[in-house]
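Geometric and topological summary
Chain by chain, the residues run as shown.
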4 protein chains.
Amino acid sequence: MKRVTIVGGSGYTGGELIRILLAHPEVEVYQVTSRSHLGEYVFQSHPNLRKQTQLKFIDPTTLGSCDVLFLALPHGEAQKRIDLYSQLSPKIIDLSADFRLRDPKLYEKWYKIPHLAPEWLQKFVYGLPELHRQDLQTTSYVSGVGCNATATILALLPLLQADFLKDNDAIRVEIKVGSSESGAEGNPSTHHPERSGIVRTYSAFGHRHTAEVIQELGIENISLTMTSVDLVRGVLATAHVRINSNLNQKDIWHYYRKVSTENPFIRVVKEQRGIYRVPEPKILAGSNYADIGFDYDPVNQHIVSMCAIDNLMKGASGSAVQSMNLMCGFDESAGLSFTGLHPI
Amino acid sequence: MKRVTIVGGSGYTGGELIRILLAHPEVEVYQVTSRSHLGEYVFQSHPNLRKQTQLKFIDPTTLGSCDVLFLALPHGEAQKRIDLYSQLSPKIIDLSADFRLRDPKLYEKWYKIPHLAPEWLQKFVYGLPELHRQDLQTTSYVSGVGCNATATILALLPLLQADFLKDNDAIRVEIKVGSSESGAEGNPSTHHPERSGIVRTYSAFGHRHTAEVIQELGIENISLTMTSVDLVRGVLATAHVRINSNLNQKDIWHYYRKVSTENPFIRVVKEQRGIYRVPEPKILAGSNYADIGFDYDPVNQHIVSMCAIDNLMKGASGSAVQSMNLMCGFDESAGLSFTGLHPI
Amino acid sequence: MKRVTIVGGSGYTGGELIRILLAHPEVEVYQVTSRSHLGEYVFQSHPNLRKQTQLKFIDPTTLGSCDVLFLALPHGEAQKRIDLYSQLSPKIIDLSADFRLRDPKLYEKWYKIPHLAPEWLQKFVYGLPELHRQDLQTTSYVSGVGCNATATILALLPLLQADFLKDNDAIRVEIKVGSSESGAEGNPSTHHPERSGIVRTYSAFGHRHTAEVIQELGIENISLTMTSVDLVRGVLATAHVRINSNLNQKDIWHYYRKVSTENPFIRVVKEQRGIYRVPEPKILAGSNYADIGFDYDPVNQHIVSMCAIDNLMKGASGSAVQSMNLMCGFDESAGLSFTGLHPI
Amino acid sequence: MKRVTIVGGSGYTGGELIRILLAHPEVEVYQVTSRSHLGEYVFQSHPNLRKQTQLKFIDPTTLGSCDVLFLALPHGEAQKRIDLYSQLSPKIIDLSADFRLRDPKLYEKWYKIPHLAPEWLQKFVYGLPELHRQDLQTTSYVSGVGCNATATILALLPLLQADFLKDNDAIRVEIKVGSSESGAEGNPSTHHPERSGIVRTYSAFGHRHTAEVIQELGIENISLTMTSVDLVRGVLATAHVRINSNLNQKDIWHYYRKVSTENPFIRVVKEQRGIYRVPEPKILAGSNYADIGFDYDPVNQHIVSMCAIDNLMKGASGSAVQSMNLMCGFDESAGLSFTGLHPI
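Residues numbered from 1 in each chain as written. Chains lettered and ligands numbered in written order. Predicted model: local features only at pLDDT ≥ 70, side-chain atom pairs only at ≥ 80, totals over all residues.

Focus: the overall build of chain A
Looking only at helices and strands, one finds ten helices and 13 strands in chain A. For chain A, the spread of C-alpha atoms along the three principal axes comes to 65 × 45 × 40 Å. The buried share of chain A, taken over its 344 residues, is 62%. Long-range contacts, defined here as pairs at least 24 residues apart, represent 72% of the contacts in chain A between residues at least 6 apart. (Helix = DSSP H or I, 4+ residues; strand = E, 2+ residues; numbered from the N terminus. Buried ≥ 20, exposed ≤ 12 C-beta atoms within 10 Å, placed from the backbone. Contact = placed C-beta atoms within 7 Å.)

Here you go:
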């Protein structure tokens, strides 16, 4: 059993890490930190874990060494102390945005401040197994993924592999997100009477996750437009791509099926009947699946490609654990078997 | 046109007062105050009022005199400065809990601190027209009503008038409430991911509105149990009463119909078919109606009596305006004609 | 007082018509029909109207003549009997899709069947006052508007007037809609456990409202992508347009402000602070306003333009009544003063 | 590996059984039937199971024999063919209401029709392990539990064991339920625009689950009042009990803790701080836990006791699998380890 530590365990991604890892067959949850809930039981912050664990939150400055260290801190914190953390554990998975980008200039462009530990950026592998499975098996440092970036990248992955993303009109990605994306700390716009029932296009351009998409897909001309909807967990990315080939649906199907076959947590959803014909996030709550699908208008050579995920799972803690599994040589799916609920 | 001032206009009850009074045929909204939004347009806090008014929030210390003054401040504030406010306006309607109780001892028992202006308590009339229509026509000072107290009182009003509330087992009132009851300021438990989808019995006994119910119904043996549900506006009170008479449904109907006939904003809802057979709050959003209904189990002499209201309207600003109408000699329904939406 | 008849009064648009017209200062609701609820009180289908009217649904075959006839029937019904209806009333407003398109070929292309009364198509004016105010003042026949078409057209209206829609990449419009769009009759996918919490891109291309958009904007290269979200009333259209001019935000502002100034029910929403910075449908429930806004990325010459409406109001019954007001010479805003609620 | 069959697999309880049993370490899902979805993949009805199983629904008349047979049919169906089913499998677990009551007269009183197989009633054990753990270990026939009955019984179990339920005022139980209680088939009142945002006290008395409560608690004087709220999965029962003893909170705590200690799926929730201080259903979605708690008013000797469950899990399929585990000698918790999500 590997001993794992979770720094920043009282937030939503921290809570999901604890939930997954408590049931993971290969690891033991050894230490969990929280400054704001110091000394409290973990289940007081994460009431679903009552009767699952008697762990208490400890002070991050008192940590002992461990085999795997997860950092689930607010953005900007991990880069301040990454040298210190690297002395505590040979393997680190950082769920923040601090080590997702390889180029310090790209970081500074999108995050508006210089990176504090640029020498570390090249050591990290972007923690999306669908893109970096091999590298993840040999690295010691894994970055988290942005939830909106993950949904966008996976929506476009079949088209990337088919080489359809070049010489394109701008790719417009419309992303609908639930309220857990804003984290465990509320703000005036997440107060229930203001947040309930909303359809709020809060960011038309410039979302920071765009940087990861540009890096990972190798294309520049893409925009992410963000709309908050009344949902707690979930992201749906709907990408609009014009292609320059004469294709039929069957040709396109081929690329989607291939991505699904090669990746245990990707499923193609494209049904002619029933209620669930397209990817939808709500049935993915708690699951590590990414459901992808598409529709194609041959007249206008317009593909609409979709990806639905749980932002806290495949978009954060699930991909982090999947990356740990690869990094540690465990079964890639270990600890990630929960399949989601229906109805919900 | 009477000139009205609203002190504390950036909160939810303040916003509803402004919305109603801007369209009221007999009054002019003259001054609106907010410390926290000083200098901002009213429509920035209440986006539904965009293109309805160019009023800005002013400083409460700079108020000029007016004909009617509404106080929509947090509890405890109005009693601090009631002498001052009474110099600004001959008529005052206070929506807080400060002047709802006639007895300073009852206030202290439920609010745990002594009242700061006990000499004013007897000057106010409890602002529920269904109980105090005549007194409201002659008073100059009207208190607000508690939304949960209003739903409870109106659920029990037919039974009170039928003299069924005496010599009873304890009356148990189960109250389900929406999130706007907690006001415009959020707290950790109103953060959308925590507040969405809840069914949370946050107070089993001891809700402060119980004091008003005891005063107004003249009974002691009653409890209010509060459960938050996923709704923004609305209260449903479900009261359990055992009666000591041999009755049939028709006898009971009589008392409910009488209350509806005598009060313009009370409706009886008791249908045998269709979707909407019982009182429900959601279709009352924005309306001043209180829908009442009941069911009766003759074997156990058990009446379940229900009342649904919009907590911000009949439970606060709507009753306040209705009281103003009576106090000022306007038509009792003036400004309160919005009937609610279906579907919603 | 003009006497109005509503054919098909038990559906959602019929219910909204009744609600609005009962409070309209210039008309009397004279007859309301429903086959499925024949003989029942109107308030049994529309519980918000209890104590507002004692009207009952009558048989459509027994209608007497009237001054204005509203048809709120399922698509395809009005065209079957338009000759008959035209004998009952000199003025007709049809809320269905039957008379929205001027060209029978365009109708057949999008609705997949030939039109049954093509000779009537040229007699109708498309009932969107923002486009056809003058024609509506002289016509006797008004078509309804598609709710999604309305949101799309109004999102693009400032850019149309600025002549920015020509020579464009394809315009991609992402539309998020509430459940009342599917009408009062449920289907398996609107069952609450399946419809709650969804983000479902149910139609990537080919929505029939596209035909109206093409006709009214005079452009071909546009797609509407439809996503259902957890909301009852409301549409948000988010349109992506690339422009070929060198502009700044201020230039663009000019065109939006102009549309707002010239139209009583259009508001520009574009704030730097506060919770409500962009157009949002939820605060529009019951209101006839269309809120429009935009954001602009000068690097990529990309405008994101938004329009939020209540699909049952500005997207259906509200525009129909506004059109009636113009056709009958009433004040354009008569009966449409409800401003929406906050919070909701 | 025991081979299990699920009859009626396309409904909600059937779907949950399949989900649980696919991951259960001791059994193999062998046959699943559905008349309405005959020949379709199971994942078409239960989209969460995509990539989990390639099983298809088969015709119930073509079933082969198996080790354990689950019946998840509409009420009234199992009793028609119980002789037949008993020839297919030595062990039967029926999730319907058909075999919950031991007394055919009690069945007829509450279900209004005579039972078709009264000779079978005594062979079944009521499938709530918290009441019948020992009997379940030796029986071959297990009945399902009513979800509302389960929440009520478990809310009252500590008080039953403390002998506080005798000589009481009537016990009033207020139950709030989600929409999945109405099953996978919709009706007009579950259409999303009508069901969303509701607080609907649809049954004041007479809910059929009352019969089970009377049987299992051995008390007559109890009423269940049912209110639908905006939630898909979940039940919260809030029971009002007057006790005749002089107690303090600590005394009462003792009985709640005992129930929790003796039962793996019962947890006591009673916190002084944090957001989750009382039992709440939403964090239990997918989990087999029942969270119980209480509050006590010593002045009026009034206990409010609460129990929250997932109606499809502890209230149906979860208790059924837990009962199977006991009946088959498996670990009682096998297959039931999912702990629920936070946030959700």
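Focus on the relation of the copies chain C and chain D
Between the two copies, chain C and chain D, the superposition gives an RMSD of 0.0 Å; the rotation angle is 180° and the shift along the axis is 0.0 Å. Both chain copies can therefore be described as sitting about a two-fold axis. A shared binding surface is used by both copies, with 100% of the interface residues of chain C retained as interface residues in chain D. (Least-squares fit on C-alpha atoms with pLDDT ≥ 70 in both.)

Looking at the relation of the copies chain B and chain D
Related by rotation about an axis and a shift along that axis, the two copies of the chain form a pair. The two copies are related by a screw motion: chain B maps onto chain D through a turn of 180° and a shift of 0.0 Å along the axis, at an RMSD of 0.0 Å. The share of interface residues of chain B whose copies in chain D are also at the interface is 100%, consistent with both copies meeting through the same surface.

With respect to the interface of chain B and chain D
Contacts between chain B and chain D engage 39 residues on the former and 40 residues on the latter. Residue assignment for the side of chain B that touches chain D shows that the elements contributing at least two residues are β7 (171–177), α7 (192–195), β8 (199–203), β9 (222–229), β10 (235–242), β12 (290–297) and β13 (302–309) of chain B. Looking at the side of chain B that touches chain D, its residues break down into 17 nonpolar, eleven polar and eleven charged. (Nonpolar A, V, L, I, M, F, W, Y, C, P; charged D, E, K, R; others polar.)

Brief notes about the interface of chain C and chain D
Each partner contributes residues to the interface: chain C has eleven residues there, and chain D has eleven residues. Of the residues that constitute the side of chain C that touches chain D, the class distribution is three nonpolar, seven polar and one charged.

Concerning the pairing of strand β13 (residues 302–309) of chain A
Residues and elements named next belong to chain A. The element β13 is extensively covered by neighbouring structure, given that eight of its eight residues are classed as buried. Burial along β13 is two-sided: the residues His302, Val304, Met306 and Ala308 and Ile303, Ser305, Cys307 and Ile309 are all buried. Inspection of the sheet shows strand β10 (residues 235–242) paired to β13 by eight bridges, in the antiparallel sense. Opposite His240, over in β13, you have Val304 as the bridge partner. Pairing of strand β12 (residues 290–297) with β13 involves seven bridges; the strand directions are antiparallel. Each residue of the ladder has a partner; that of Asp291, found in β13, is Ala308. (Pairing = 2+ DSSP bridges.)

Brief notes about unusual backbone geometry
Residues and elements named next belong to chain B. Geometrically, the link from His342 to Pro343 is a cis peptide bond, its omega value of -5° lying close to zero. Even without being glycine, Asp163 reaches a positive phi, approximately 65°. By secondary structure assignment, the location of Asp163 is in the loop between α6 (147–161) and β7.

A look at the domain arrangement of chain A
Residue and element names in this part refer to chain A. Here the domain parsing of chain A yields domain 1 (2–123) and domain 2 (147–309). A separation of 27 Å is found between the C-alpha centroids of domain 1 and domain 2. Residue-level contacts link nine residues of domain 1 with eight residues of domain 2. Take the side of domain 1 that touches domain 2: its biggest share by element is three residues, from helix α4 (residues 104–111). (Domains from an automatic or database assignment.)

Some words on the sheet that holds strand β3 (residues 68–71) of chain A
Across the sheet, which stays open at both edges, the six strands sit in the order β2-β1-β3-β4-β6-β5 (chain A) with parallel pairing between neighbours. The outermost strands of the open sheet, each flanked by one partner alone, are β2 (27–33) and β5 (125–126) of chain A.

Describing the nonpolar core
Phe70(A), Phe70(B), Phe70(C) and Phe70(D) are the most contacted members of the largest nonpolar core, which totals 441 residues. Ignoring any residue separated from it by four or fewer positions in sequence, one finds Phe70(A) in contact with Val4(A), Thr5(A), Ile6(A), Val7(A), Leu17(A), Ile93(A), Leu95(A) and Ala320(A). (Core = buried A, V, L, I, M, F, W, Y, C linked by C-beta atoms within 7 Å.)

So, the sheet that holds strand β5 (residues 125–126) of chain C
Residue and element names in this part refer to chain C. Read from one edge to the other, the open sheet built from six strands follows the order β2-β1-β3-β4-β6-β5, with strand pairing classed as parallel. Each end of this open sheet is capped by a strand with a single partner; those strands are β2 (27–33) and β5. Direction of pairing for β5 relative to strand β6 (residues 141–143): parallel, over a ladder of two bridges. Note that in β6 the partner of Val125 across the bridge is Val142.

Topic: the environment of His207(A)
All names here are of chain A. As for its placement among the helices and strands, His207 is situated in the loop between β8 (199–203) and α8 (209–217). Residue class for His207 comes out buried when judged on the 21 C-beta atoms lying within 10 Å of it. Separated by 137 residues in the primary sequence, His207 and Phe70 place their C-alpha atoms 25 Å from one another. Sequence-distant contacts of His207, that is, excluding residues within four places in its chain, are made with Asn148, Leu224 and Met226.

A look at the environment of Leu160(C)
Residues and elements named next belong to chain C. Examined against the element boundaries, Leu160 turns out to sit in helix α6 (residues 147–161). Residues Leu160 and Arg208, spaced 48 residues apart in sequence, show a C-alpha to C-alpha distance of 21 Å. Not counting residues within four places of it along the chain, the set of residues in contact with Leu160 comprises Leu165 and Leu217.

As for the packing of helix α6 (residues 147–161) of chain D against helix α8 (residues 209–217) of chain D
All names here are of chain D. One way to put it is that α6 packs onto α8 with a least axis distance of 9 Å and a crossing angle of 25°. As the angle between them shows, α6 and α8 are arranged roughly parallel. Taken as a pair, α6 and α8 cross one another with a handedness that is right-handed. Across from Asn148, Ala149, Thr152, Ile153, Leu156 and Leu160 in α6, the residues of α8 making contact are His209, Glu212, Val213, Glu216 and Leu217. Residues belonging to the contact of α6 with α8 are distributed by class as follows: six nonpolar, three polar and two charged. (Axes fitted to C-alpha atoms, helices over the stretch in contact; angles between N-to-C directions. Parallel < 35°, antiparallel > 145°, perpendicular 65-115°, else oblique. Left-handed = near helix turned anticlockwise from the far one by under 90°.)

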